[in-house]
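One letter stands for each residue in the lines below.
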Amino acid sequence: MASTFSLRAPLQRLFQTPASIRSILTPPSPFATTTPAPRLAAAPFSTSPAPSARNPQRGGKNRSKQPQTDPKIISMKKHLSLLSPRHIPPPLRMARNRHLRHWTVHRAWQLFRRGQREARDRELMRMHQGMYLACEELRQTEGPGTREEGYLYRVAMEKKGVYGHNGVPIEYARMQTETPAREAWNHGWKRTSAP
Amino acid sequence: MTASSRGGRAVSALLKGSPSICSQCARLPPLQQRLYSAATAAASDASPIQAPISGGDLQTPDLTTPPVMHYPQHAPSQYSIKSGLILTRPPLLTRTLHPFETAFFLYQKRLEERLSAPFRKGFYFRHDTPAELDWRIKVRERHGVAGRDIGRYNPRGRMGWNDEVLVGSPLGASEEAVKERILTDAEMRVSEDGEEIPKEDRIKVERPAPRRTESDEKNDVRKLDRALDRTLYLVVRKGEAGWQFPSGDVLTSENLHETAARILAESAGVNMNTWIVGRVPVAHVVTKPVFKQDNPAQIEKKGEKVFFLKGRIMAGQADLTDNKHGLTDFKWLTREELQDVLPRGYYSQARLMMAER
């Protein structure tokens, strides 16, 4: 007890005196009736419902000593305690050769990804080039009939009805899957109304 | 454009008074005539951009006779314009993984196993229930490993360091083994009473359809459920002209996308749920006009410009009965198969719009 007091004394000097000790130390004020305590009681600081609110009589310590009765929570606590840093394995430590192999695998993966990315870029450039050349040819084309040069190009560049509602049919939103549907393709589809 | 320059053009047209060419052509100096436009661009046909088509026999730019022609603006056209549709069936399946990817994923899974908290059976299964007994049987068969996809590896054992799979091991070879494992594990091995069910009495889970279909096995090129992880392209056979994408002349009142839609309906029937992607042509094939031997100014045979739009098919099948274009046959082919069927120059132009897969 004496050791705790000897620790606490310099702290009290450094920081403000706790309210509980202060109330003991200072004599009761003659103006005590004007303290705002009743107003505080009328508007509680906590808005949580009563059962889950902390019981001021028992305090935190008593509450934690209450035995947990719900077996589900007991089980969850037991198993989730494994996720504490004490039980999680440490970061990987690798010896020299193992680490060099890991580095090689990592570099190979980066190289592989890069190859894929560049192939994709090349593919997109090729497609764009195809569209560009076709559009360029279209721009230099007269017709049809007596239309002037570039008429078809101008119409092709119009975006009327391309975007917006019903711009893309909903059937087109089908995702690729790992295995096909039971009937892989609907060959018997019939148009219900004339196009 | 400012008003003054508009006026200048009008005045110069009046002063020149030449009826054969338009006012804008007359105004410009003849040498640097519209460098950015038709004649110059036609002259640069053999530029490196068009390298892939140089081997073609259909529309190869003839290097010996550069097609710089100073024809007046409103000369009769030497080309007939056609519009076509490259109708594609998008891939329905995801791609198969590269062997390196499969191996790398296994490597990563084992490293992950070394880094993560152990599997807690008690968290997922209540003690002494059929589910727990079932799990116990399956884990025993996997030598105590919770995961189905990492093989026999225990990161916390004495051999925890040995997480690498050796070369030639069947473990990382294919995804099929993992899929198979998941399917067999999905069967319940323990009855409601906690007794083990003999193998013949277990209820089988429904297996997913195979990635290779019946049409794949038969190589039925008219079916659309073939080569499900590839794009298929519709080609039609037109008499002696051979295989080509459906295409036809653009009528005077039409635009490219209208023609493409009309041609598709006329040639392959309406019973296809299709969508024409945008209005911009994705590829084109040009056939040069043939001039008369004695008089190069006169055309013996008109040239042809075919512009292709891209279409997607979502359902249905092509049907050539009563088509108006003399088509005799159709096929749904992948990119490699198209190469064998289409003329070389035609293919190399269409190749520009084709995706890798």
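Owing to the predicted nature of the structure, the values given are computational and were not obtained by experimental measurement.

K.L.:
What should I look at first to understand the overall build of chain B in this one?
P.N.:
Counting secondary structure elements, chain B contains 11 helices and 10 strands. Of all 357 residues assigned to chain B, the portion counted as buried reaches 23%. For chain B, restricting intrachain contacts to residue pairs at least 6 apart in sequence, the fraction spanning at least 24 positions comes to 71%.

K.L.:
I tried to follow the overall build of chain A on my own but got confused; where do I start?
P.N.:
A tally of regular secondary structure across chain A gives 7 helices and 0 strands. When the helices and strands of chain A are read in sequence order from the N terminus, they spell out α-α-α-α-α-α-α. Burial status across chain A gives 7% buried among its 195 residues.

K.L.:
Before we go on, may I ask you to explain helix α9 (residues 256-268) of chain B in this structure?
P.N.:
It helps to recall that an α-helix has 3.6 residues per turn; residues three or four apart then point in one direction. Residues and elements named next belong to chain B. In a regular helix each residue adds 1.5 Å, so 13 residues correspond to 18 Å; α9 covers 18 Å between its end C-alpha atoms and thus fits that length. Of the positions making up α9, those classed as buried are Leu 256, His 257, Thr 259, Ala 260, Ile 263, Leu 264, Ser 267 and Ala 268. One side of α9 carries all its buried residues, which in axial view fall inside an arc of 155°. With its phi angle positive at about 85°, Gly 269 sits one or two positions after the end of α9.

K.L.:
What exactly am I supposed to notice about the UniProt feature "domain: Large ribosomal subunit protein mL46 N-terminal" (unreviewed entry) in chain B here?
P.N.:
Here, the residues flagged by UniProt with the feature "domain: Large ribosomal subunit protein mL46 N-terminal" (unreviewed entry) are residues 79-216 of chain B. Secondary structure across residues 79-216 of chain B comprises 33% helix and 8% strand; the distance between its end C-alpha atoms is 42 Å.

K.L.:
Mind showing me how you'd approach the domain arrangement of chain B here?
P.N.:
As a measure of interface size, the accessible area lost when the parts come together is often cited. Looking at the assigned domains, one finds that chain B contains domain 1 (79-94 + 212-353) and domain 2 (99-186). Each of domain 1 of chain B and domain 2 of chain B has a C-alpha centre, and these two points are 50 Å apart.

K.L.:
What am I meant to see in helix α6 (residues 96-139) of chain A here?
P.N.:
Between its first and last C-alpha atoms α6 of chain A spans 63 Å; for 44 residues at 1.5 Å apiece the expected length is 64 Å, and the two agree. Considered for burial, the residues of α6 of chain A that qualify are Gly 130, Leu 133, Ala 134, Glu 137 and Leu 138 of chain A. Summarising the contacts, the buried residues of α6 of chain A are in contact with α7 (151-157) of chain A together with β6 (283-287) and β9 (303-316) of chain B.

K.L.:
How should I be thinking about unusual backbone geometry in this particular structure?
P.N.:
Outside of glycine, negative phi angles account for most residues, and trans bonds account for most peptide bonds. Cis geometry is adopted by the peptide bond preceding Pro 144 of chain A, which originates at Gly 143 of chain A and carries an omega value of 5°. Positive phi, close to 45°, is recorded for Ala 227 of chain B, a residue that is not glycine. With respect to the helices and strands, Ala 227 of chain B occurs in the loop between α8 (214-218) and β2 (232-238). At Asp 322 of chain B, a position not held by glycine, the phi torsion is positive, near 60°. Of the residues examined, Asp 322 of chain B has 7 C-beta atoms within 10 Å and is grouped as exposed.

K.L.:
How should the confidence of the model for chain B be read in this particular structure?
P.N.:
Regions with low pLDDT carry predicted coordinates that are not meant to be interpreted in detail. Residues and elements named next belong to chain B. Overall, the predicted model of chain B reaches an average pLDDT of 84, with 79% of residues at or above 70. Across residues 39-61 the pLDDT falls below 50, and counting only partners more than four positions away or on other chains, this stretch makes 44 contacts in the model. Among the scores for the predicted complex, ipTM is 0.75 and pTM is 0.73.

K.L.:
Which parts of the structure should I look at to understand the confidence of the model for chain A?
P.N.:
Looking at chain A, the pLDDT average stands at 77 and 66% of residues meet or exceed 70. Contacts for the low-pLDDT stretch residues 1-41 of chain A, under 50 throughout, to residues beyond four places or in other chains number 2 contacts.

K.L.:
In this structure, what is going on with the pairing of strand β1 (residues 79-89) of chain B? I would like to understand it.
P.N.:
Look at any regular strand and the pattern is simple: side chains alternate between the two faces of the sheet. Residues and elements named next belong to chain B. Counted residue by residue, β1 has 9 buried out of 11 residues, so it is predominantly covered. Bridge count for β1 against β9 is 10 bridges, and the pairing is parallel. Looking across to β9, one finds that Ile 81 is bridged to Lys 305. The sheet contact formed by β1 and strand β4 (residues 247-249) spans 3 bridges and is antiparallel. Looking at the pairing, Gly 84 lines up with Ser 247 of β4. Both β1 and β2 contribute to a ladder of 2 bridges, which runs antiparallel. When the sheet's bridge partners are listed, Thr 88 is paired in β2 with Tyr 233.

K.L.:
Before we go on, may I ask you to explain the interface of chain B and chain A in this structure?
P.N.:
Counting residues at the interface gives 60 residues for chain B and 54 residues for chain A. Residue classes in the side of chain B that touches chain A are distributed as 38 nonpolar, 13 polar and 9 charged.

K.L.:
It is not clear to me how the nonpolar core should be interpreted in this structure. Could you clarify?
P.N.:
Note that soluble globular proteins tend to have their nonpolar side chains buried in a common cluster. Core analysis: the biggest nonpolar cluster contains 51 residues, and Leu 85, Ile 86, Leu 234, Val 235, Phe 308 and Ala 350 of chain B have the highest contact counts within it. Beyond its immediate chain neighbours, meaning those up to four positions away, Leu 234 of chain B contacts Leu 87, Pro 246, Ala 268, Ala 318, Phe 330 and Trp 332 of chain B.

K.L.:
Before we go on, may I ask you to explain the environment of Thr 129 of chain B in this structure?
P.N.:
Examined against the element boundaries, Thr 129 of chain B turns out to sit in the loop between α5 (121-124) and α6 (130-141). Sequence-wise, Thr 129 of chain B and Val 190 of chain B are 61 residues apart; in three dimensions their C-alpha atoms are separated by 9.6 Å.

K.L.:
Looking at this structure, how should I read the environment of Gly 311 of chain B?
P.N.:
Residue and element names in this part refer to chain B. Positionally, Gly 311 belongs in strand β9. Sequence separation of Gly 311 and Ile 86 is 225 residues, and the distance between their C-alpha atoms is 5.9 Å. Not counting residues within four places of it along the chain, the set of residues in contact with Gly 311 comprises Leu 85, Ile 86, Leu 87, Thr 88, Leu 264, Thr 274, Trp 275, Ile 276 and Val 277.

Reading the values: the criteria
Sequence positions are assigned chain by chain, starting from 1 and proceeding in written order. Whichever chain is written first is A, and whichever ligand is written first is 1; the rest continue in order. Where totals are concerned, whole chains, interfaces and linings use all residues; where local detail is concerned, this predicted model gives features only for residues with pLDDT of at least 70, and gives and counts side-chain atom pairs only at 80 or more. Helix and strand definitions follow DSSP, with helices as H or I runs of at least four residues and strands as E runs of at least two, each counted in order from the N terminus. The burial label depends on the number of other C-beta atoms within 10 Å of a residue's C-beta. Counts of 20 or more mean buried, 12 or fewer mean exposed, and intermediate counts mean partly exposed, with C-beta atoms placed from the backbone. Throughout, a pair of residues is in contact if the C-beta atoms placed from their backbones lie within 7 Å. Here a helix's expected span is defined as the number of its residues, less one, multiplied by 1.5 Å. By arc we mean the arc of the directions from the helix axis to the C-beta atoms, nothing more. UniProt positions are given in the numbering used here, feature names are shortened, and annotations may be inferred rather than shown by experiment. Domain boundaries shown here were taken from an automatic or database domain assignment. Each residue gets a pLDDT score, which is the predictor's confidence in that residue and runs from 0 to 100. Whether two strands pair comes down to DSSP finding at least two bridges between them. When residue character is reported, Ala, Val, Leu, Ile, Met, Phe, Trp, Tyr, Cys and Pro are called nonpolar, Asp, Glu, Lys and Arg charged, and the others, Gly included, polar. Buried Ala, Val, Leu, Ile, Met, Phe, Trp, Tyr and Cys residues whose C-beta atoms connect them within 7 Å together make up a nonpolar core.

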